[in-house]
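The residues making up each chain are set out below.
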Amino acid sequence: MSSDRPIFVVGCPRSGTTMLQLMLHAHPRIALPPETRFLLAAYQKRAEFGDLGDPANRRELGQFIVESSQFEDLGLDPEKTVEAVVAGPPTLGSAFGIVFRMYSERFGKARWGDKRPLYLRHLPTILRLFPDAQIINIMRDGRDCVASLKETPWKPSEFDTLIDYWAKSADASLLAQRRYPKDVYHQVRYEDLVADPEPHLRRLCAFLEEDFDPAMTAPNKLASVAVPEYKTWHTLTHQAPTTERIASWRNRLTDEEVRKCEAAFGDRLARFGYEPSIPIPRSAKMRADAKLIAKHRLGPAKQAARNLWTQIRSSEQTEPPVAARLTIRQVR
């Protein structure tokens, strides 16, 4: 029997998540939508929707989804979407899954899911909503991610924040490698994928229990369908996968920016197979970077503590089920 498990693409922003989304979207059985904004927002305010056993509350949730930022990028009819949520199983994950499934049905495809880089730092939430989900994480050299982030129109004003994006994503990736079994979590490097797509896509298809399709190696053919035109920072998705952006940080970052990145990333680069360009000396400059290093190394520990406290509080409260009830594994 073919798998119907939902698929989620995650990674650091500007790591190649859109390219990977298109590669998967090119598969004859898989459709992944442009980036959405409703899942984490609705999960955070889930208590406000009340008992989803009440159709009126499901209608309110459906209305929240269709009024969310970027919903229109899915090309779905808002009224039909709300009615589908109302008619569906009374859980939060089911409501989200219905929207993703409706998107896949637009293309006549069986498997659905979502793509958003931020999900990498919220994998426990994704797997709570979709216990049978399969997670695909794309990893890219942190210096290239920072260089690319620096050039986006939506970049934050602080360069340190760009560094923080990759550092936190790298820590989340290392945690996921340890935490999740091989049939749940799969990691691929951007550099490997663009240099020789087919063998890595074949391994990805094996993970998903799908047959490889050669169309997956030409994701640019679908960019006009699955990437909204206003997202000008995704113009490279309209071209065939290329290695020209590998190590482009050498020309896109200043020496000082490279030093800051490598000081903050520490041994994370090497752990993912990327060589630092600057040896880490015991010097006055490194002492000046102490606060920066401490911030990026202590930050994940603080976040883990906050997550644990949230889980403890949740376990002390009676909360209705949120897991989706749409796939074979979910309804068992």
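Residues numbered from 1 in each chain as written. Predicted model: local features only at pLDDT ≥ 70, side-chain atom pairs only at ≥ 80, totals over all residues. Heavy atoms only, no water.

An unreviewed UniProt entry annotates the protein as Sulfotransferase originating from Actinoplanes flavus.

Participant: Sorry if this is basic, but what is going on with unusual backbone geometry here?
Facilitator: Excluding glycine, most residues fall at negative phi; most peptide bonds, likewise, are trans. Despite not being glycine, R14 shows a phi value in the positive range, around 70°. Locating R14 in the fold gives a position in the loop between β1 (7-11) and α1 (17-25). The phi torsion at A247 lies on the positive side, around 60°, for a residue other than glycine. Looking at where A247 falls in the secondary structure, it is placed in the loop between α11 (223-226) and α12 (249-252). For A247, a relative accessible area of 28% corresponds to the partly exposed category. (Helix = DSSP H or I, 4+ residues; strand = E, 2+ residues; numbered from the N terminus. Buried < 20%, exposed > 50% of the residue type's maximum accessible area, 1.4 Å probe, protein only.)

Participant: Which parts of the structure should I look at to understand the packing of helix α8 (residues 159-179) against helix α13 (residues 255-265)?
Facilitator: Angle between the axes and distance between the axes are the two parameters that describe a pair of packed helices. Interaxial distance between α8 and α13 falls to 10 Å at its minimum, and their mutual angle equals 40°. The orientation of α8 relative to α13 falls into the category oblique. The handedness of the crossing between α8 and α13 is right-handed. In this structure, α8 contributes F159, I163, W166 and A167 to the contact, and α13 contributes E257, K260, C261, A264 and F265. Among the residues making up the contact of α8 with α13, the classes are represented as seven nonpolar, no polar and two charged. (Axes fitted to C-alpha atoms, helices over the stretch in contact; angles between N-to-C directions. Parallel < 35°, antiparallel > 145°, perpendicular 65-115°, else oblique. Left-handed = near helix turned anticlockwise from the far one by under 90°. Contact = heavy atoms within 4.5 Å. Nonpolar A, V, L, I, M, F, W, Y, C, P; charged D, E, K, R; others polar.)

Participant: When you look at the sheet that holds strand β4 (residues 185-189) in this model, what are you seeing that I'm missing?
Facilitator: Hydrogen bonds between backbone atoms are what pair the strands of a sheet, whose relative direction is either parallel or antiparallel. If you trace the four strands from one edge of the open sheet to the other, you get β2-β1-β3-β4, paired in parallel fashion. Because the sheet does not close on itself, it has two edges, and the strands there are β2 (113-115) and β4. Here the average twist between neighbouring strands, direction ignored, is 20°. Judged from the five bridges that link them, strand β3 (residues 134-139) and β4 form a sheet pairing that is parallel. Counted as the bridge partner of I136 is H186 from β4. (Pairing = 2+ DSSP bridges.)

Participant: Quick question: what am I supposed to make of the packing of aromatic side chains here?
Facilitator: Two aromatic rings, taken as a pair, are described by how far apart their centres are and by the angle between their planes. Using the criterion set out here, one finds ten aromatic pairs in the structure. By the ring-pair criterion, three or more aromatic residues cluster together here, those being F8, F38, F96, F100, W112, Y119 and F130. Across the ring face of Y43, the terminal group of R46 is positioned such that the distance to the ring centre comes to 3.9 Å. Here the basic side chain of R140 rests over the ring of Y190, its NZ or CZ set 4.4 Å away from the ring centre. (Phe/Tyr/Trp six-rings, centres within 6.5 Å; stacked < 30°, edge-to-face > 60°. Lys NZ or Arg CZ within 6 Å of the ring centre and 35° of its normal.)

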